[in-house]
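One-letter residues, chain by chain:
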Amino acid sequence: DFLDMSWASSYVGWGKDGPYEIQREFDMVRRIVEAALQAFEKIYIIPGNHDGTRFKYMSNGTLGFELLMQMVLGPQSALLGERILVGEQRHMTLRDSPWGDWRITHPQSARAVPLSLAQTIALKERQNVLTAHQHYFGFGFDRYGHYMICDGGHMTNEELTEYKQEVDTTHSCWTPGYVELVGGWPYLIPEPRG
C-alpha cells in the first residue's frame, strides 16, 4: 500500500481528515517514487488493499489503479509506461531470476502466523513468493524446501494505526522493514525502531 487512504475507508468513515490528509499522502508517495527513480531504472507498482481496493470502492469499480497513480504522481506521471509500470492486479511475477520465478503479491487475506500465507501461495502457484498485507517481516522456505518465501514487512508506525490500538488480536506485531530482490535473491532490510 502506497496510500493508507483512511479518508476513504469504510472503517473510519469518509472524509475524516479531508483534503489535508489526501495532500500529505500524495506528497509522501511522490517523494518515495522520486527516491526510487534515483536508485532504480524501472519501478513496478501494484495496488494493495488500501489504495487499489478503496479507490475502486470510491468509484464504484469504474476507475483503475493506474488512474489513481496518475493523480498521485502529478508531473512524474509522464514516466508511466516508461520507467514507472503500474499493474491493476494485486500481484505480479518476476520471471527467469537465477533462483526461479517470484510471485510478488498483496494477498486478499492475512494470517496470524508469519510466513504461513506466503507458504500456501508458494505451494499453490509453484514459485517463490514475497507477500505484503500482513506487515510481518521474515524469510524462509516452504515446508518441502522447494520455494523461498518472504513476508515483506511494513513502513508505517503501528502505534499510529488507530485500529491496531483499539482491539486485541491474535496477530503478531508488525515489523518495520522491506525486502529487496536483487538478482532474484531476497535481502531483508530492517528499519530501526524509534
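Residues numbered from 1 in each chain as written. Predicted model: local features only at pLDDT ≥ 70, side-chain atom pairs only at ≥ 80, totals over all residues. Heavy atoms only, no water.

K.L.:
Please explain the overall build of the protein chain as it appears in this structure.
P.N.:
In terms of regular secondary structure, the protein chain is built from 5 helices and 9 strands. Mapped in sequence order, the helices and strands of the protein chain form the string α-β-α-α-β-β-β-α-β-β-β-α-β-β. Within the protein chain, the fraction of its 194 residues that count as buried is 39%. Here the analysis covers contacts within the protein chain between residues at least 6 apart in sequence; of these, 54% occur between residues at least 24 apart. As displayed, the protein chain offers around 11,200 Å² of accessible surface, 54% of which is attributable to carbon and sulfur atoms. (Helix = DSSP H or I, 4+ residues; strand = E, 2+ residues; numbered from the N terminus. Buried < 20%, exposed > 50% of the residue type's maximum accessible area, 1.4 Å probe, protein only. Contact = heavy atoms within 4.5 Å. Areas by Shrake-Rupley, 256 points an atom, 1.4 Å probe, with all protein chains shown as cover.)

K.L.:
Please explain the sheet that holds strand β4 (residues 102-105) as it appears in this structure.
P.N.:
Each strand in a sheet pairs with another by means of backbone hydrogen bonds, the pair being arranged parallel or else antiparallel. One open sheet accounts for 5 strands, arranged β3-β4-β5-β7-β6; its pairing is mixed. A strand with exactly one partner marks an edge of an open sheet, and here the two such strands are β3 (91-94) and β6 (137-141). Across the sheet, the mean angle separating the axes of adjacent strands is 15° when strand polarity is ignored. Pairing geometry for strand β5 (residues 128-131) and strand β7 (residues 148-152), over 3 bridges, is parallel. (Pairing = 2+ DSSP bridges. Axes fitted to C-alpha atoms, helices over the stretch in contact; angles between N-to-C directions.)

K.L.:
What is the right way to look at the environment of P186 in this model?
P.N.:
By the element assignment, P186 lies in strand β9 (residues 185-190). Taking the relative accessible area as the measure of exposure, P186 reaches 5% and is therefore buried. Setting aside residues up to four positions removed in sequence, P186 forms contacts with W102, F139, M148, C150, V179, E180 and L181.

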